[in-house]
Structure formats: C-alpha cells, structure tokens
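Understanding the architecture of this molecule
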Amino acid sequence: MSYKNGKCFLCGSSCKETKTDAGHRFFVTCSNARCGKYEITQTVLAKLNDNLALREKLQLLANSRVSEAGHYDFSFNLDKELKFEWLRK
Ligand SMILES: [Zn+2]
C-alpha cells in the first residue's frame, strides 16, 4: 500500500485520500496507525484549520477504533454538532 496522495488532515503524516459521496467526503488511509482509516466531510474539514480542539477530538476518536473492520465517519449534523459514526465495511 502506498501513501502518496497527500497529508493526513488530522496528523499531517502522508496518507492516501479518495473522494467519496460525490465529492462531499474524503476517505483517508493514514500511514500513521493512530489515525488509520477515516472518512470526513468537506464541511468538517473546513473547520479543522481554525479549530484545534476539534482536530484533537477527531484524532482521539480515530485512534479509538471499534474494531479492525470499519472506520469512523465524521460529519456535522443539522445543528452543526459533530457526528461520528462507526461504519463497518
Ligand atoms: Zn493521520
């Protein structure tokens, strides 16, 4: 597996990223095992740069993997609150 696409949005390590959900989301496979795989919406990404607390929260979540099979999906709900869901796939 190669990690050449870019830098992880959470930790800055090299990662492989793929656009999903018609371009609304990124599916990231980070070379740093602490992040591993996660999916994140463009709206959450837009907040990460000026919200360090949010980024730290997502890093902790990504690191608290539920199982080897699956990944977290990070998005905002209609109230602009962080929503995270474990997707088993
Ligand atoms: Zn990472």
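Now for a look at the structure at hand. These numbers were taken from a predicted model, which means no experiment stands behind them.

Moving on: the coordination of the zinc ion. Taken together, the protein ligands of the zinc ion are Cys8 (SG), Cys11 (SG), Cys30 (SG) and Cys35 (SG), with distances of 2.2 to 2.4 Å. Considered as a linear motif, the donors of the zinc ion on their single chain read C-x2-C-x18-C-x4-C. Here Cys8, found in the loop between strand S1 (6-7) and strand S2 (14-20), pairs with Cys35, found in the loop between strand S3 (25-30) and strand S4 (37-41); they are 27 residues apart in sequence, far enough to count as distant. Here Cys8 falls in the buried class, since its relative accessible area comes to 5%.

Another aspect to go through is unusual backbone geometry. The phi torsion at Asp21 lies on the positive side, around 55°, for a residue other than glycine. In this fold, Asp21 is placed in the loop between S2 and S3. Backbone geometry places Lys80, a non-glycine residue, at a positive phi of 65°. Topologically, Lys80 is positioned in the loop between strand S5 (71-76) and strand S6 (82-87). In this structure Lys80 comes out as exposed when scored by relative accessible area, which is 66%.

Glancing now at the pattern of salt bridges. Under the counting rule described, the total for this entry stands at two salt bridges. Residue Asp21 is joined to Arg25 by a salt bridge in which the shortest nitrogen-to-oxygen separation is 2.8 Å. In this structure, Asp73 engages Arg25 in a salt bridge whose closest nitrogen and oxygen atoms are separated by 2.8 Å. Residue Asp73 is found in strand S5, and its partner Arg25 is found in strand S3; the two are separated by 48 residues along the sequence. Given a relative accessible area of 5%, Asp73 falls into the buried group. Connected through shared salt-bridge partners, Asp21, Arg25 and Asp73 make up one network.

By convention here, two paired aromatic rings are described through the distance between centres and the angle between planes. Under the criterion given, the structure shown has five aromatic pairs. Measuring from ring centre to ring centre gives 5.3 Å for Phe9 and Phe26, while their planes differ by 45°; the resulting arrangement is tilted. Here Phe9, found in the loop between S1 and S2, pairs with Phe26, found in strand S3; they are 17 residues apart in sequence, far enough to count as distant. An angle of 85° between the planes, with centres 5.0 Å apart, marks the rings of Tyr72 and Trp86 as edge-to-face. Of the two residues, Tyr72 sits in strand S5 while Trp86 sits in strand S6, which places them 14 residues apart along the sequence. Of the two residues examined, Tyr72 and Trp86, each falls in the buried class. An aromatic cluster is defined as three or more aromatic residues linked by ring pairs; in this entry it consists of Tyr38, Tyr72, Phe74, Phe84 and Trp86.

Reading the values: the criteria
- All residue numbers here refer to positions counted from 1 along the written sequence of the relevant chain.
- Local features in this predicted model are restricted to residues whose pLDDT is 70 or higher, and side-chain atom pairs enter the listing and the counts only when it is 80 or higher, whereas totals over whole chains, interfaces and linings include all residues.
- For side-chain calculations, the full set of non-hydrogen atoms in the structure is used, while hydrogens and water are omitted.
- Here the term donor refers to an N, O or S atom within 2.8 Å of the metal (or 3.2 Å for Na, K and Ca), and because water is left out of the atoms, sites may appear incomplete.
- Under the DSSP-based scheme used, a helix requires at least four consecutive residues in state H or I and a strand at least two consecutive residues in state E, with every element numbered from the N terminus.
- For every residue, the accessible area (1.4 Å probe, protein chains only) is compared with the maximum for its type, and the residue is labelled buried under 20%, exposed over 50%, or partly exposed between those bounds.
- What makes a salt bridge here is a side-chain nitrogen of Lys or Arg within 4 Å of a carboxyl oxygen of Asp or Glu, nothing more.
- Within 6.5 Å between ring centres, the rings of Phe, Tyr and Trp (the latter by its six-membered ring) count as paired, and their orientation is classed by plane angle as stacked under 30 degrees, edge-to-face over 60, tilted in between.

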